[in-house]
Amino acid sequence: MKKANEVQAIIQAFDEAQQEGKLCALATVVNVEGSAYRHPGARMLICESGVSTGTISAGCLESDVIERALGVIKTNATKLVDYDTHSTSEEIVWSLGLGCNGIVRVLVEPLAPQSSYLAALCRTHTAQSNIAPIVVATVLHFSGSRATATTGQIEIGSRLYFNEDGETVCDILNSELAAMIEGDARAALCGQTSGVRVYEADGDVTKVFIEIITPPLSLVVFGAGHDALPIIELARRLGWQTEVVDPQARPASRGRFAQADRVTLARPESIGDQVTVTPRTLTLLMTHNYSHDQAMLKFLLASPARYIGVMGPRKRTERMLTELLAEGGAPQDEVLARVFAPVGLDIGADTPEEIALSIIAEIRAVLAGRSGGLLRNRKGSLHAEAGEGSLRPERTIVADHPSRALVTA
């Protein structure tokens with residue numbers, strides 16, 4: 001059975017609940033201060049029966065969130081919940097099972113089939129390999145009284161996002177606020193950074209969670225040997241989208257790698273016509289055939305692949321690069337920086353399963369901007385901001401005129 005990632009599991013669980021006529025609520029981590037197990041964007045679906053899918057912590061908050069979610073389902077009213085272990089009594093900390101020293105804010109909202117947030121999640125987790133990230137801005141908090149006949153009150157849980165055509169879809173009734181949020185949302189999408197923004201105008205304060213929702217990681221393995229099997233298995237367990245490319249075009253590879261999302265039978269000379277590589281694609285070269293590896297390394301160096309792992313000794317890869325250089329054109333430093341050879345972390349791996357672990361761990365470290373060293377030697381917080389999807393500190397936008405905004409730390 002193919003393993004779905006957390007978002008796909010939530011979508012599937014919601015569809016099943018709808019078929020059974022059951023109501024659901026969605027809990028989303030929207031802000032973290034200090035230490036926490038999960039980052040903003042972590043989600044959990046709660047059905048009215050009390051059954052949940054996904055996690056928002058290491059298990060310490062789930063039971064309380066489920067209880068609050070059941071209340072949200074009954075009242076059909078969105079709620080923002082703060083878990084603050086700095087100011088919480090030891091008795092409550094113990095009862096909740098909190099072990100982290102920080103603040104976690106969770107948005108709990110009733111989830112309807114027509115939810116724009118659900119639509120965004122579905123869009124980013126289709127079978128398409130080239131789907132782009134999506135940005136969704138959600139109102140978390142509003143204090144003030146700026147409500148007119150044309151704008152109305154600002155509601156917690158109201159959202160702004162961009163549809164498939166890039167058009168703005170918004171149910172935030174205050175047009176001035178919506179315009180500022182739209183500008184920040186587009187900037188966040190370009191920078192691929194999520195975070196909370198605080199908007200102040202005429203005494204009103206509005207907090208908005210601007211979230212980048214990214215598609216599952218995509219891993220393309222070039223090579224269909226038996227040692228590729230545990231790599232595909234582990235990647236699938238992590239919810240990654242996987243593709244196996246067999247340069248020998250053997251039909252039997254389709255059955256051997258049935259658990260992969262896609263198996264492509266393509267000779268080296270036709271790889272470019274049959275395999276899609278985007279700036280978000282992770283690639284692994286392991287055909288164990290020198291000429292095949294060299295041909296596909298040339299293709300990958302010219303592609304926008306985020307990561308290029310090459311199996312085999314360092315000298316073998318150096319030789320391929322030297323020969324490719326002799327054919328014409330030296331790869332730029334930024335291109336070579338994407339090449340990891342020999343591939344994998346140094347964990348003393350020996351068996352195919354251990355080697356797969358070292359490779360997947362290296363990819364995860366690269367994506368997070370980490371070195372892959374021992375955590376006990378790490379300086380500072382274990383969850384310090386780094387790498388893909390890093391979160392920037394909360395910032396305040398103070399507007400003294402609809403056409404002007406001042407950003408302050």
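None of the values given here were measured: they were computed from a predicted structure.

Enquirer: Could you clarify how one ought to interpret the nonpolar core in this entry?
Expert: A general feature of soluble globular proteins is that nonpolar side chains tend to end up buried together. In terms of nonpolar packing, the biggest core is built from 26 residues, with Leu219, Val221, Ile231, Trp240, Phe257, Leu282 and Ile363 touching the most fellow members. For this core, the secondary-structure elements that each account for two or more residues are β11 (218-222), α6 (229-237), β13 (262-265), β14 (281-285) and α12 (352-368). A total of five residues in this core trace back to one element, the largest contributor, which is α12.

Enquirer: Is there a simple way to explain the sheet that holds strand β16 (residues 339-340) in this structure?
Expert: By definition, the strands of a sheet pair up through backbone hydrogen bonds, in either a parallel or an antiparallel sense. Read across the open sheet, the six strands follow the order β13-β12-β11-β14-β15-β16; overall the sheet is parallel. Each edge of the open sheet carries a strand with a single partner, namely β13 and β16. Relative to strand β12 (residues 241-246), β11 runs parallel, the two sharing five bridges. Considered in β12, the bridge of Val221 is made with Val244.

Enquirer: Help me understand the packing of aromatic side chains in this model?
Expert: A ring pair, where both rings are aromatic, is described by two values, the distance of the centres and the angle of the planes. A complete count under the given rule lists one aromatic pair for this structure. Between Tyr307 and Phe340, the ring centres sit 4.8 Å apart and the planes meet at 20°, which makes this aromatic pair stacked. You can see Tyr307 sitting in strand β15 (residues 307-310) and its partner Phe340 sitting in strand β16, a full 33 residues away along the chain. Taking relative accessible area as the criterion, Tyr307 reaches 1% and is therefore assigned buried.

Enquirer: Before we go on, may I ask you to explain the pairing of strand β10 (residues 204-213) in this structure?
Expert: Note on strand geometry: in a regular strand, side chains alternate between the two faces of the sheet. By the criterion of burial, β10 is predominantly enclosed, with eight of the 10 residues buried. Connecting strand β9 (residues 195-201) to the next strand, β10, in antiparallel fashion are two residues, including Asp202 with a positive phi near 55°.

Enquirer: Please clarify how a negative patch on the surface should be interpreted in this entry.
Expert: Side chains of Glu233, Asp350, Glu353 and Glu354 sit close together on the surface and give a patch of like negative charge. In this structure, Glu354 sits in helix α12.

Enquirer: Please clarify how the packing of α6 against α12 should be interpreted in this entry.
Expert: Packing of α6 against α12 brings their axes to within 8 Å, and their N-to-C directions diverge by 50°. Classified by the angle between their axes, α6 and α12 sit oblique to one another. Like other packed secondary-structure pairs, α6 and α12 cross with a definite hand, here right-handed. Where α6 approaches α12, its residues Pro230, Ile231, Leu234 and Ala235 are matched on the opposing element by Pro352, Glu353, Ala356, Leu357, Ile359 and Ile360.

Enquirer: What's the story with helix α1 (residues 6-19) in this structure? I'm lost.
Expert: The end-to-end C-alpha distance of α1, which contains 14 residues, comes to 20 Å, matching closely the 20 Å that a straight helix rising 1.5 Å per residue would cover. By the burial criterion, the buried members of α1 are Val7, Gln8, Ile10, Ile11, Ala13, Phe14 and Ala17. Just beyond α1, the residue with positive phi is Gly21, at close to 75°.

Enquirer: Would you mind showing me how to read the pattern of salt bridges here?
Expert: Side-chain pairs of opposite charge can arise whenever the charged atoms involved come near each other. A complete count under the given rule lists 13 salt bridges for this structure. Asp82 is the partner of Arg105 in a salt bridge, and the nearest nitrogen-oxygen pair spans 3.3 Å. Of the two residues, Arg105 is situated in strand β5 (residues 102-111) and Asp82 in strand β4 (residues 79-84); the sequence distance between them amounts to 23 residues. We classify Arg105 as buried; its relative accessible area is 16%. Arg319 is the partner of Glu323 in a salt bridge, and the nearest nitrogen-oxygen pair spans 3.1 Å. Of this pair, Glu323 and Arg319 both sit in helix α10 (residues 314-327), four residues apart, which is roughly one turn of the helix. When its relative accessible area of 29% is taken as the criterion, Glu323 is described as partly exposed.

Basis of the calculations
- The residue numbers shown here count from 1 along each chain, following its written sequence.
- The predicted origin of the model limits local features to residues at a pLDDT of at least 70 and limits the giving and counting of side-chain atom pairs to 80 or more, whereas totals for whole chains, interfaces and linings rest on all residues.
- For the side-chain quantities, the full set of heavy atoms in the structure was used; hydrogens and water were omitted.
- We define a nonpolar core as any set of buried Ala, Val, Leu, Ile, Met, Phe, Trp, Tyr and Cys residues linked to one another through side-chain atoms lying within 4.5 Å.
- Only protein chains enter the calculation, and the probe is 1.4 Å; a residue is then buried if its accessible area is under 20% of its type maximum, exposed if over 50%, and partly exposed in between.
- Secondary structure elements follow DSSP: runs of H or I no shorter than four residues count as helices, runs of E no shorter than two count as strands, and numbering proceeds from the N terminus.
- By the convention used here, strands pair only if DSSP detects at least 2 bridges between them.
- By convention, a stacked pair of Phe, Tyr or Trp rings (six-membered ring in the case of Trp) has centres within 6.5 Å and planes under 30 degrees apart, an edge-to-face pair has planes over 60 apart, and any other such pair is tilted.
- Candidate patch residues must exceed 30% relative accessible area and have no salt bridge, after which like charges are joined if within 9 Å and Val, Leu, Ile, Met, Phe, Trp or Tyr side chains if within 5 Å.
- Calculation of accessible area relied on Shrake-Rupley with a 1.4 Å probe; when residues are assessed, cover is drawn exclusively from the protein chains displayed.
- Salt bridge, as used here, is a side-chain nitrogen of Lys or Arg placed within 4 Å of a carboxyl oxygen of Asp or Glu.
- Under the convention used here, Asp and Glu are negative, Lys and Arg are positive, and both His and the chain ends fall outside the count.
- Just so you know, the charge point we use is NZ for Lys, CZ for Arg, CG for Asp and CD for Glu.
- Axis lines are fitted to C-alpha atoms, over the contacting stretch for helices. Their N-to-C directions set the angle, which ranges from 0 to 180 degrees.
- What sets the label is the angle itself: under 35 degrees gives roughly parallel, over 145 gives roughly antiparallel, 65 to 115 gives roughly perpendicular, and the rest give oblique.
- Two helices that cross are described as forming a left-handed crossing if the nearer one is turned anticlockwise from the farther one by less than a right angle, and a right-handed crossing if clockwise.
- Throughout, a residue-residue contact means that at least one pair of heavy atoms, one from each residue, lies within 4.5 Å.
- Expected helix span is given by 1.5 Å per residue-to-residue step, counting one fewer step than there are residues.

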